[in-house]
Amino acid sequence: MSTGVAKEKSMIIQKEMIAQLSKELSMAKDTGKKVVYTFVPGNISELILSFDMLPVYPEINALQSGMRKKSEGFIRGAEKHGHSEDVCTYVKCDVGMMLAGNIGPNGETVPPPDLLLLSYTGCFTFMKWFETLERLYPGVPVALLHTPYQEAGHITPEMTAYMVKQLKEEVIPKMEKVSGKKYDEEKLKMHLRNSSKVEESIIKIFDSTKNRPSPIDAYFAGVYYIGPINNGFRGTSEAVDYYDELYKEIMVRVQKGLGPITPEGEIEEERFRLVVEGPPNWTHFREFWKLFYDMGAVIVASSYTKVGGVYDMGFRVNPDKPLESLAEYCMNCYTNLNLNQRVDLLSNCITKFHADGFLVNSIKSCNSFSAGQLMIMQQLERKLEIPVGFIESDLVDPRYFSYSNIKNRLESFFQMLEQRKLMVK
Amino acid sequence: MDTPDVIIRKCEELAFDLNFTRAKEWKAQDASRVLVGNMPIYFPRELVHAANGLCVGILGGGDKKLIIKGDAYYQSYICHMPRSIVELVLDGHFEGFDGFIFPSICDVIRNLSGMFQLMGKGTFVKYLDYPQNFSASVSEDFYINELQYVLDQIYAINKVEVTAERLKNSIQLYNKNRSLITELYDIRQQFPWRLTAADVYHIVRAGYVIPVEEHNEILEAMIQHIQVDRGKPVDKIKVMVMGAFCEQPPVGLIKTIEMAGCYIIEDDFLLGARWVQGDIETTSGNPMHDLCMAYLEKSTFSSSVYDVNNPKENRLMELIKKRKVDGIIFAAPSFCDPALLDHPILQKACNDHHVRFISFLYSENTGQFKVIKEQVGTFSDSIKLWDEPVVINNL
C-alpha cells in the first residue's frame, strides 16, 4: 500500500458541488426556492430541476448521518417515538433526525419539504417512509409516482403508459402548483441531454475495471462516483463536467497501470477481484473497506452502484421522449429488476470483469435487496462455479455491525479464493 | 344440515390441509380446471373462477410445518412466512398447481415471486402490481392489463374463454361470499359467545382452499346455526386485532387472546376475503371494469396501500366506531415492514382519540403464549375496571 492520498481534481469538484447544493438548501427559505423530498432509485431530478426546485434525498441524509456517527442517536430517537427495532434503519434515522430538529449530517438545517415526491422504485418501504413523513409534515402535498416492477423481465408499453399518465395527471400538476411555474418540456429535454451524457460516462468509468489492475474500486469508491448523479446533480452540466474529469483521471491511472485509491493510498497488489451484491455498511465504512484493501481485494463491480440506475443493459434516457424516458429510467433501477435479471446482470459482471469471487453483503434493513439474495448466490455458484461469500451488516444502525464476525468470514472467504487460485494454477 | 361442531371441525381440517387435498380433488374432476395459488393479501378470485379455475390461498405453513430447508433461503431478519412457503414448495405441496400470483404488498413477497420463477414453479408466476394511484383515469387501463395477463396465462393452459357472462356470474358468487362473511362478523359483534374467534378464523380460512360455491353453503349453514343462541356470554372486553394481514398468527395466539379476557370482534387475519367493501357492481356490462372499479373505489385500508386521500388512521377509527370495540391489539409478525411502519401512525390516532391499545410481535410458528396471555389479560382487566367506553368524534 502506498502512503499518502493526494486528492484528485474530481474529488475536489464533487466536494464543492455537494457543498454548493447544501448551501442552496440551507438558504431555500430566503431565496424562495421550493424543496422536494424524493428518493435515489427512480430520482427524476431532471423534472424537479426543470421547475427550478431543489431536491432532498432522505436516504442520502441517513447514510451521511451513518458515516458521521450520528445515526445511532437518531435511530434510538425514532424507536422512542414508537418505531420498531425490526424496521428499516434509513427510515428511523431520517425520522429521528427530523424529530431532533432536522439538522443535516453537515450541521446545516435541512429545509422542510414543499412537496413529497414519492417516486418509489424497487423498494416498498419508500412508500411507508413517505406515509410517515406526510404525517410529520402535515399539509405538504404528496405526488405519488408508482413504478411498476419488471416482474416479467422487461418493460411493457402498458407499464410506460401508466407511468406517463401519472407524470401528466399527478406529478406535473402538483409540481406546477408548488413551484408556481408551468411545465417546460424544452427545459426538461435540456436536463435529459445532460443525463444521457453522464450515463455514457458512468458506463465507461465502471467498465474501466476490465483492466488489470483495476484502476478503481467499483463499490467502496464507486459509491463516491455515483454521488453527484444520485445526489441532486442528475441532469446538470456540473455533473457532465464532473464525470468527464473523473473519466480522464481514471484513464490516466489505466495508462500508468495504477490500482484503486483507498483512504490509505493506492492498492499496489491486486490479489482478488470481486463482485459485490448489496449496499455497504455506512457506520463503519472505513473499517469495512480496510478489511478488503488490506487483503488486496478490489471490487470490480457492484449491484449497489446501479441502485440509482442501470445503464449496463443499454438503457439511456432519450431527450426526444422526455416523459417516457423518465418512466423507463425509473423502471430500470436495480432493485426494480426481477431476480432472474439480477442473476443475469451479476453473472455478466462476474464474467466481463474476470472476478475471482462473488460476495453478498446482506443488509438487515433492506428487504428489497436482501430477500432472495441467498438464492441469487446459489444460482451464481451453480451457473459459474465461482466461490461465493456471505456477510451481514446494516445500513446505518451500528448495533448491527460486528467487526470480528465480518472479519472472520472475509478471512475464510479470501483463504478459499487463494486456494482456488492455486488449484487453477 | 351438519351441526355447528361438525362444520367447524371440517373447516379446521380444510383450513390447515397443507396438501390442499380438496382443491386437487376438484381439479382432477375436469381436465380444463386449473389451480392458481395466491399469496396475501388480496386477489380478485372471481377472475380465476370465471376461467374455470380455483384460487388457492397460500398462507404459509403456520405452526404445522417444520422448517428445515426454508431457513437456508432466508436471513434471520426476514419474516417467517416466505421460508415456510419455500419449504412447502420444496416438499412438493404445490404439485398440480398451474400458476402463482404474488400481489404487490412488500419487497419480501415481491422477491419471493422471483424465487418461484427461478425454481420454475407452475406454468406461470405473476407478480401483480396493484396501482397505488386510486384515480381511475390514471390506473384503470394498467390494472385491467394486469388482470388480463392472468386470464391470458390461464387461457393458454385450458383454452377456456372468459365471457362477460361468466365473469359476471363469478362476481355474483363472490359478492354473496363477502356478504355472508360480513353477516358472520356482524352477528359475532352482537353475540360473540356464539362462535369463538378461532372458529370464525377456520370458517373463513376454509374458503381459501375450496370452491366458492361450497364455501357459501358452509357460511349459510353456519349463519343459520348462530341465529339462535349457543354458548354463554362471558364478561370480556371487545377488541380488534390489527397487523396480521399477511403472515398469519398461530391459532393458539387467537385462542390465547380470547382466553385472556377479550372477544375478537374485528381483525385483519384474512383480509383478502373481505378486501372489497360491499358488492361489486355487475350492471355496467363490462365486468372487468367492474372488478377494477371495486379495487379502486371499494378497497379496505391496509398497510400495503397508500391511499393518499383517504388516511388509514381515519378509516381505522371509523371501524372502531362501527364495531364498538373497547380497544385494539396491534399484533404484527416480526420483521414485517408494512405493518410495523404503520404502528406509530395508527397508535398516534388511538392516543388522539383515547382508544386503548397494546402491541406485540409474533411469528406464524410462535409456540409460547404465556407472556402474551398476561399482557392481554392485564389490558382486558384495566379496561374492564377503569376505562370509559370509547367515543370517537370529529374524524
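Cut-off values and rules
Residues numbered from 1 in each chain as written. Chains lettered and ligands numbered in written order. Predicted model: local features only at pLDDT ≥ 70, side-chain atom pairs only at ≥ 80, totals over all residues. Heavy atoms only, no water. Helix = DSSP H or I, 4+ residues; strand = E, 2+ residues; numbered from the N terminus. Rg over C-alpha atoms; globule rule 2.2 N^0.38 Å. Buried < 20%, exposed > 50% of the residue type's maximum accessible area, 1.4 Å probe, protein only. Contact = heavy atoms within 4.5 Å. Areas by Shrake-Rupley, 256 points an atom, 1.4 Å probe, with all protein chains shown as cover. Axes fitted to C-alpha atoms, helices over the stretch in contact; angles between N-to-C directions. Left-handed = near helix turned anticlockwise from the far one by under 90°. Pairing = 2+ DSSP bridges. Buried area = accessible area lost by both parts, 1.4 Å probe. Salt bridge = Lys/Arg side-chain N within 4 Å of Asp/Glu carboxyl O. Polar contact = N/O pair within 3.5 Å; in protein donor to acceptor, adjacent residues only side chain to side chain. Nonpolar A, V, L, I, M, F, W, Y, C, P; charged D, E, K, R; others polar. Phe/Tyr/Trp six-rings, centres within 6.5 Å; stacked < 30°, edge-to-face > 60°. Core = buried A, V, L, I, M, F, W, Y, C linked by side-chain atoms within 4.5 Å. Arc of directions from axis to C-beta.

Caption draft 1: Summary view of the overall build of chain A. Assigned secondary structure in chain A consists of 18 helices and 10 strands. Its C-alpha radius of gyration of 21 Å places chain A within 12% of the 22 Å reference for a compact globule of 425 residues. Overall size of chain A, expressed as C-alpha extent along the three principal axes, is 65 × 50 × 45 Å. For chain A, the proportion of its 425 residues judged to be buried stands at 63%. For chain A, the share of sequence-separated contacts (at least 6 apart) that also reach a separation of at least 24 residues comes to 78%. Element-wise, carbon and sulfur atoms account for 51% of the exposed surface of chain A, whose accessible area totals about 15500 Å².

Caption draft 2: Molecular detail of the packing of helix 10 (residues 251-259) of chain B against helix 14 (residues 370-386) of chain B. All names here are of chain B. Following both chains from N to C, one finds helix 10 and helix 14 inclined at 35°, their axes separated by 8 Å at the closest point. The handedness of the crossing between helix 10 and helix 14 is right-handed. Judged by residue contacts, L253, T256, I257 and M259 of helix 10 engage I372, K373 and V376 from helix 14.

Caption draft 3: Structural detail: the sheet that holds strand 4 (residues 142-146) of chain A. All names here are of chain A. Spatially, 4 strands are ordered 2-1-3-4 in an open sheet, and the strand pairing comes out parallel. Of all the strands in the sheet, just strand 2 (54-56) and strand 4 have a single pairing partner and so form its edges. Pairs of neighbouring strands in the sheet enclose a mean axial angle of 25°, with direction left out of account. Note: strand 1 (residues 35-37) against strand 2, 3 bridges, orientation parallel. Note that in strand 2 the partner of V35 across the bridge is L54. In the packing of helix 1 (residues 9-26) onto the sheet, the strands contacted are strand 1 and strand 2, and the crossing angle to strand 2 comes to about 100°.

Caption draft 4: View of the interface of chain B and chain A. Tallying the contact residues gives 51 residues for chain B and 56 residues for chain A. Interface area, chain B with chain A, both sides summed: about 4700 Å², of which 57% is carbon and sulfur. Across the chain B-chain A interface, the total number found is 5 salt bridges. Of the charged contacts in the structure, one is a salt bridge between E151 of chain A and K126 of chain B, with a shortest N-O distance of 2.9 Å. Viewed at the interface, chain A and chain B are joined by 27 residue pairs in polar contact (both at pLDDT 80 or more). Elements supplying a minimum of two residues to the side of chain B that touches chain A: helix 5 (107-119), strand 4 (124-128), helix 6 (136-158), helix 12 (312-323) and helix 13 (337-352) of chain B.

Caption draft 5: Molecular detail of the packing of helix 7 (residues 164-190) of chain B against helix 11 (residues 287-298) of chain B. Residue and element names in this part refer to chain B. At a minimum axis separation of 9 Å, helix 7 and helix 11 run at an interaxial angle of 35°. Contacts between helix 7 and helix 11 involve A164, L167, K168 and I171 from the former and P287, M288 and L291 from the latter. Tallied by class, the residues present in the contact of helix 7 with helix 11 amount to 6 nonpolar, no polar and 1 charged.

Caption draft 6: Layout of the packing of aromatic side chains. Residue and element names in this part refer to chain B. Enumeration according to the criterion identifies 47 aromatic pairs over all chains in this entry. Relative to W193, the ring of F191 has its centre 5.8 Å away and its plane inclined at 80°; by these criteria the two rings are edge-to-face. Residue classification places F191 among the partly exposed residues on the basis of a relative accessible area of 24%. The exposure class of W193 is partly exposed, given its relative accessible area of 22%.

Caption draft 7: Looking closely at the pattern of salt bridges. Residue and element names in this part refer to chain B. A complete count under the given rule lists 55 salt bridges over all chains for this structure. Linking R83 and D71 is a salt bridge whose minimum nitrogen-to-oxygen distance equals 3.1 Å. Taken together, the residues R83 in helix 4 (residues 81-90) and D71 in the loop between strand 2 (53-57) and helix 4 connect sequence positions 12 residues apart. A relative accessible area of 37% places D71 in the partly exposed class. Each of D186, E266, D267, R274 and R323 takes part in a single network of salt bridges with overlapping partners.

Caption draft 8: Representation of the nonpolar core. Grouped together as the largest cluster of nonpolar side chains are 275 residues, with contacts concentrated most on F292 and F358 of chain A together with F116 and I329 of chain B. Sorting elements by how many residues they give to this core places helix 8 (residues 157-179) of chain A first, with 9 residues. Counting residues in each nonpolar core, the second largest holds 17 residues, with Y263, M317, V325 and I328 of chain B among its members.

Caption draft 9: Summary view of helix 5 (residues 71-80) of chain A. Residues and elements named next belong to chain A. Within helix 5, the full set of buried residues consists of S71, F74, I75, A78 and E79. What you see down the axis of helix 5 is that its buried residues fit within an arc of 140°, all on one side. Buried residues along helix 5 sit in contact with helix 4 (58-67) and helix 6 (89-99). Following helix 5 by one or two positions, G82 adopts a phi angle in the positive range, close to 115°.

Caption draft 10: Molecular detail of unusual backbone geometry. The omega torsion across R212 of chain A and P213 of chain A is -5°, close enough to zero to call that bond cis. Looking at the secondary structure, you find P213 of chain A in the loop between helix 9 (185-207) and helix 10 (222-225). For the bond from P40 of chain B to I41 of chain B, the omega torsion is 10°, close enough to zero to count as cis. Within the secondary structure, I41 of chain B is located in the loop between strand 1 (34-38) and helix 3 (45-50). A positive phi angle, close to 50°, is found at E385 of chain A, a residue other than glycine.

Caption draft 11: Quick look at the sheet that holds strand 10 (residues 388-393) of chain A. All names here are of chain A. With parallel pairing, 4 strands are arranged side by side in an open sheet as 8-7-9-10. Of all strands in the sheet, those with a lone pairing partner are strand 8 (297-302) and strand 10, marking the two edges. The sheet shows a mean angle of 30° between the axes of neighbouring strands, taken without regard to direction. Set on the sheet, helix 13 (residues 285-293) makes contact with strand 7 (272-277), strand 8, strand 9 (357-363) and strand 10; between it and strand 8 the angle comes to about 110°. Relative to the sheet, helix 18 (residues 403-424) contacts strand 7, strand 8, strand 9 and strand 10, its axis offset from that of strand 10 by approximately 170°.

Caption draft 12: Structural detail: the environment of P213 of chain A. Residue P213 of chain A is classed as partly exposed on the basis of its relative accessible area of 28%. Look past the residues within four positions of P213 of chain A in its chain and what remains in contact with it is G257, L258, G259 and E270 of chain A.

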